[in-house]
Amino acid sequence: MLSDAAIDWVIDAYTRGAVADEQMSALLMAIFLRGMTPAEIARWTAAMVDSGERFDFTDLRRAGKPLALVDKHSTGGVGDKITIPLVPVVLACGGAVPQAAGRGLGHTGGTLDKLEAIPGFTAELSKERIRQQLSEVGAAIFAAGDLAPADRKIYALRDVTATTESLPLIASSVMSKKLAEGARALVLDVKVGRGAFLKAEAESRELARTMVELGNAYGVPTRALLTDMNRPLGRTVGNAVEVQESLDVLAGGGPSDVVELTLALAAEMLDAAGIDGVDPADTLRDGSAMDSFRALVAAQGGDLNRPLPLGAATETVTASRDGMMGDIDAMGVALAAWRLGAGRAQPGEPVQSGAGVRIHRRPGEPVTAGEAVFTLYTDTPDRLPGALAELDGAWSVGENAPSTGPLIIDRL
């Protein structure tokens, strides 16, 4: 068992560069293979929080009142654009959201990559600017920057050492940034299924329980929803295409599953923040959530009046027969979007804002022969064959609609 002193030392030394990547890689592999005790996970998380600055926004006021600071984190999925409509919904209901968001790596998309598809939008905000924006607008979505710098280094090393799918390392990575960002309550969206980091429900449930315990022990009331990630969320996977779908939701439309999950998470966040007597669905009907999103985007330099980018090279996948759209494998669609340029293989690589996949027919919807079921977008035509290969076998058309489980599996 690692002692508290040993954990504190290795996290600090690795952050300072006194421990080499090769040495930390060996420790990460040992953790990956042997796991960690709850006490070790808690201390590892606390050491990563202490490796950088911890924001404190409790002194801020908006309209003369203390901010009801609450945040949400998703463990990563396919077509998971929920943060984009969720933050303005919570904002329109009276909540305040300081959200340190991430960039995509591997098959999962990153909130910052999606928002940066909006012309002019920046997520590189100073602490002073974040404080000002929280006071004036009520929300800020920003790159983690100096928050938990140990996690930034360890996360990059986990990716190249095949230790990403370690429950203790996932839990500590997520919670170190969230505990450092200054929210007073936290709601977690823990994904389950083929498009999630952890495929088995038992593993995802254990991850959710671990993160809830970490948050509560650290003095940040935390709760979690287990949600389905066997098929993509909504009808788009990529960057700008997901922003456009989020705008559709904020305008009162959009795919039913994106709306359902947005409102469910909003209700949890409002309850955690102590805000009652408001219906988050009203903000989509009356336009107040859209107004909040426009204010947030404008504060971060974005211009929603300019068109969102869309890849110039396209390919359409059509159905070969009449029938019902069968299941769509979230991982297959995610890898197709990644091949098109929507994601990255290494930290720091650029992504194409206009790359992505549009899903024309979702599971259970009728399909006719020759009808478009997917459209692929990229600015690099030679990426199309690889993306098409990833989609091959990831969908089907049959006689009957596939069986589907609930979108929200459980609440912890």
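Before going into details, it helps to say that this report is about the structure given with it. As the structure is a computational prediction, the values presented were derived from the model and not from experiment.

1. Re the packing of helix H4 (residues 83-92) against helix H11 (residues 256-272)
To characterise two packed helices, one gives the angle between the axes of the helices and the distance between these axes.
Okay, step 1: For the pair H4 and H11, interaxial distance at closest approach is 9 Å and the crossing angle is 40°. On the basis of the axis angle, H4 is oblique to H11. Both H4 and H11 take part in a crossing whose hand is right-handed. Across the interface between the two elements, Pro-85, Leu-86, Val-89 and Val-90 from H4 touch Thr-262, Leu-265, Ala-266, Met-269 and Leu-270 from H11.
Okay, step 2: Counted by class, the contact of H4 with H11 contains 8 nonpolar, 1 polar and no charged residues.

2. Focus on the side chain of Arg-158
Okay, step 1: Structurally, the position occupied by Arg-158 is in helix H7 (residues 149-160).
Okay, step 2: No salt bridge is formed by the buried Arg-158, whose closest oppositely charged neighbour, Asp-151, lies at an N-O distance of 4.8 Å.
Okay, step 3: In this view, Arg-158 contacts Leu-28, Thr-163, Thr-164, Leu-169, Ile-170 and Ser-173; residues no more than four positions away in its chain are not counted.

3. With respect to H11
Helical geometry note: an α-helix holds 3.6 residues per turn, so side chains three or four residues apart project in the same direction.
Okay, step 1: Over its 17 residues, H11 extends 24 Å from the first C-alpha to the last, a length consistent with the 24 Å expected when each residue adds 1.5 Å.
Okay, step 2: All of the buried residues along H11 are Asp-257, Val-258, Val-259, Leu-261, Thr-262, Ala-264, Leu-265, Ala-266, Glu-268, Met-269 and Leu-270.

4. What about the pattern of salt bridges?
Okay, step 1: Evaluated as defined, the whole model comprises 31 salt bridges.
Okay, step 2: Residue Asp-12 pairs with Arg-16 through a salt bridge whose shortest N-O separation is 2.8 Å. Taken together, the residues Asp-12 and Arg-16, both in helix H1 (residues 4-16) and 4 residues apart, mark about one turn of the helix.
Okay, step 3: Residue classification places Arg-16 among the exposed positions, given a relative accessible area of 56%.
Okay, step 4: Ionic pairing is found between Arg-205 and Asp-410, a salt bridge with its closest N-O pair at 2.6 Å. Here Arg-205 is found in helix H9 (residues 201-217), whereas its partner Asp-410 is found in strand S15 (residues 408-411), with 205 residues between them in sequence.
Okay, step 5: Judged by its relative accessible area of 29%, Asp-410 is partly exposed.
Okay, step 6: Shared partners join several salt bridges into a network, and the residues in it are Arg-194, Asp-228, Arg-231, Asp-327 and Asp-329.

5. Quick notes on the sheet that holds strand S3 (residues 71-74)
Okay, step 1: An order of S3-S6-S7-S15 is seen for the 4 strands of this open sheet, with the pairing classed as mixed. Bordering the open sheet on either side are S3 and S15, each of which pairs with just one other strand. On average, adjacent strands in this sheet sit at an angle of 20° to one another, irrespective of strand direction.
Okay, step 2: Both strand S6 (residues 186-192) and strand S7 (residues 222-228) contribute to a ladder of 7 bridges, which runs parallel. Counted as the bridge partner of Asp-189 is Leu-225 from S7.

6. As for unusual backbone geometry
Okay, step 1: For Ala-63, which is not glycine, the phi dihedral falls at a positive 55°.
Okay, step 2: Turning to its location among the elements, Ala-63 is positioned in the loop between strand S1 (61-62) and strand S2 (65-66).
Okay, step 3: Exposure remark for Ala-63: the relative accessible area of 79% places this residue in the exposed category.
Okay, step 4: With phi around 45°, Ala-148 is a residue other than glycine that occupies positive phi space.
Okay, step 5: The residue Ala-148 is located in the loop between strand S5 (139-143) and H7 in this model.

7. Things to note about the environment of Ile-359
Okay, step 1: Considering the arrangement of structural elements, one finds Ile-359 in strand S11 (residues 356-359).
Okay, step 2: Sequence spacing of Ile-359 and Leu-376 is 17 residues, and the spatial spacing of their C-alpha atoms is 9.0 Å.
Okay, step 3: Each residue touching Ile-359, except ones within four places of it in the same chain, is listed here: Pro-232, Gly-234, Arg-235, Val-237, Ile-328, Val-333, Val-373 and Phe-374.

8. A short note on the packing of aromatic side chains
Okay, step 1: If you walk through the whole model with that rule in mind, you get 3 aromatic pairs.
Okay, step 2: Ring geometry for Phe-374 against Trp-395: centres 5.7 Å apart, planes inclined by 70°, an arrangement best described as edge-to-face. Of the two residues, Phe-374 is situated in strand S13 (residues 372-378) and Trp-395 in the loop between helix H15 (384-391) and strand S14 (397-398); the sequence distance between them amounts to 21 residues.
Okay, step 3: Exposure remark for Phe-374: the relative accessible area of 0% places this residue in the buried category.
Okay, step 4: Put simply, the rings of Phe-55, Phe-57 and Phe-142 touch in pairs and so form one group of aromatic residues.

9. Remarks on the nonpolar core
Okay, step 1: Judged by nonpolar contacts, the single largest core of 73 residues is most densely connected at Val-357, Phe-374 and Leu-376.
Okay, step 2: Of all the elements, H11 adds the most residues to this core, at 8 residues.
Okay, step 3: Non-local contacts of Phe-374, meaning those with residues more than four positions away in its chain, are made with Glu-315, Thr-316, Val-317, Met-325, Ile-328, Val-333, Val-357, Arg-358, Ile-359, His-360, Leu-391 and Trp-395.
Okay, step 4: Counting residues in each nonpolar core, the second largest holds 53 residues, with Ile-31, Ala-144, Met-175 and Ala-208 among its members.

10. A closer look at the pairing of S13
Okay, step 1: Counting buried positions over the 7 residues of S13 gives 6, a clear majority of the element.
Okay, step 2: Inspection of the sheet shows strand S9 (residues 313-318) paired to S13 by 6 bridges, in the antiparallel sense. Bridging across to S13, Thr-316 finds its partner in Thr-375.
Okay, step 3: Relative to S13, S11 runs antiparallel, the two sharing 4 bridges. Bridge pairing in S13 links Gly-356 to Tyr-377.

The rules behind the values
- Residues numbered from 1 in each chain as written.
- Predicted model: local features only at pLDDT ≥ 70, side-chain atom pairs only at ≥ 80, totals over all residues.
- Heavy atoms only, no water.
- Axes fitted to C-alpha atoms, helices over the stretch in contact; angles between N-to-C directions.
- Helix = DSSP H or I, 4+ residues; strand = E, 2+ residues; numbered from the N terminus.
- Parallel < 35°, antiparallel > 145°, perpendicular 65-115°, else oblique.
- Left-handed = near helix turned anticlockwise from the far one by under 90°.
- Contact = heavy atoms within 4.5 Å.
- Nonpolar A, V, L, I, M, F, W, Y, C, P; charged D, E, K, R; others polar.
- Buried < 20%, exposed > 50% of the residue type's maximum accessible area, 1.4 Å probe, protein only.
- Lys, Arg positive; Asp, Glu negative; His and termini not counted.
- Salt bridge = Lys/Arg side-chain N within 4 Å of Asp/Glu carboxyl O.
- Expected span 1.5 Å × (residues − 1).
- Pairing = 2+ DSSP bridges.
- Phe/Tyr/Trp six-rings, centres within 6.5 Å; stacked < 30°, edge-to-face > 60°.
- Core = buried A, V, L, I, M, F, W, Y, C linked by side-chain atoms within 4.5 Å.

Interpretation note: all reported values are geometric properties and have no functional meaning in isolation.
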